[in-house]
Amino acid sequence: MKDTFLHKGLRNKLVEHLSEKGINNTDVLDAINNVPRHLFMDNAFVNFAYQDKAFPIGSGQTISQPYTVAFQTQLLDIKPYQKILEIGTGSGYQAAVLNELNTHVYTIERQKDLFKKTKGFLPSIGYQCNFFYGDGYKGLEKFAPFDRIIITCGAPQIPQSLIDQLKIGGRMVAPIGDGDIQIMHLIEKISETETKITTHGEFSFVPMLNDKQNGN
Ligand code: SAH
């Protein structure tokens, strides 16, 4: 499938909508404008790709709502060339948006079929990321520390292992809560032992699975 003028037009409209909803970082809006979201969706949902909604991507998972992707990305306050860890690769859409911001993306997925699918798909449309299959709770010790960490599934609490893998001065954005609703948290790492935590409204995510729950 190609990226047509129709898709580009719909994407422009989506960006206008996100801007009306309060996304004002132009780099984030440009990134959303550049990523062909319809290529990330199952054929049955392609016509809905530029609606501001989450959709199923198989394996019981979803591609996040564009507003949520834009909101989390804006909260991360990304600078070019930063090293970013994403928990929950899913469709790869969020990873592509991060890639558009000229960052080095490390992304972890807990479900093997999604990991394999997205590891094959993203490079095929020009996005280079480092893909890992495993438990995001543990992060990626080997590649730490990270400038930014983004969790794209609902975590019951802020994982300490991920705070440990954040640079001093780094930011982590994480939806916290184990029910249907999560509260978006921004965790700024002030020093080796101090963090500043602020909350940024309610969102709804699929749950973060840990080792004891079998994701696949
Ligand atoms: N960022 C994705 C959103 C996917 S939904 C996108 O843009 O499409 C959240 C994803 O987190 C799911 O694919 C789910 O399988 C994954 N996930 C859940 N628990 C996880 C864990 N402990 N480690 C890594 N990934 C996890």
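Okay, so let's go over this structure. (Residues numbered from 1 in each chain as written. Predicted model: local features only at pLDDT ≥ 70, side-chain atom pairs only at ≥ 80, totals over all residues. Heavy atoms only, no water.)

### Focus: the site of the ligand
- Near the ligand you find 27 residues, and of these Glu-86, Ser-91, Glu-109, Gly-136 and Leu-209 are the closest.
- Here a nitrogen atom of the ligand and a side-chain polar atom of Thr-152 are 3.1 Å apart.
- Take Leu-209: an N or O atom from its main chain is 2.4 Å from a nitrogen atom of the ligand.
- If you list the elements that add at least two residues to the shell around the ligand, you get β2 (61–63), β3 (83–87), α4 (93–100) and β4 (104–109).
- A breakdown of the residues in the shell around the ligand according to their chemical character gives 10 nonpolar, 13 polar and four charged. (Near = heavy atom within 4 Å. Polar contact = N/O pair within 3.5 Å; in protein donor to acceptor, adjacent residues only side chain to side chain. Helix = DSSP H or I, 4+ residues; strand = E, 2+ residues; numbered from the N terminus. Nonpolar A, V, L, I, M, F, W, Y, C, P; charged D, E, K, R; others polar.)

### Section: the environment of Ile-150
- With respect to the helices and strands, the residue Ile-150 is situated in strand β6 (residues 146–151).
- The sequence separation of Ile-150 and Phe-55 amounts to 95 residues, and the corresponding C-alpha distance is 20 Å.
- Leave out the neighbours within four places in its chain, and Ile-150 touches Gln-72, Leu-76, Ile-84, Leu-85, Glu-86, Ile-87, Gln-94, Leu-98 and Val-173. (Contact = heavy atoms within 4.5 Å.)

### Some remarks on the state of the cysteines
- This model, assessed by the stated rule, comprises zero disulfides.
- The cysteine Cys-129 is free of any disulfide, with Cys-153 supplying the nearest cysteine sulfur at 16 Å.
- Exposure remark for Cys-129: the relative accessible area of 13% places this residue in the buried category.
- Taking the relative accessible area as the measure of exposure, Cys-153 reaches 10% and is therefore buried. (Disulfide = S-S within 2.5 Å. Buried < 20%, exposed > 50% of the residue type's maximum accessible area, 1.4 Å probe, protein only.)

### With respect to the packing of aromatic side chains
- In the structure shown here, the tally under the stated rule is 11 aromatic pairs.
- Between Phe-40 and Phe-121, the aromatic rings sit 5.1 Å apart at their centres with planes inclined by 90°, giving edge-to-face as the arrangement. Placement of the pair is Phe-40 in the loop between α2 (26–34) and β1 (55–58) and Phe-121 in helix α5 (residues 112–124), with a sequence separation of 81 residues.
- Consider the rings of Tyr-67 and Phe-203, whose centres lie 6.3 Å apart with planes at 15°: the pair is stacked. (Phe/Tyr/Trp six-rings, centres within 6.5 Å; stacked < 30°, edge-to-face > 60°.)

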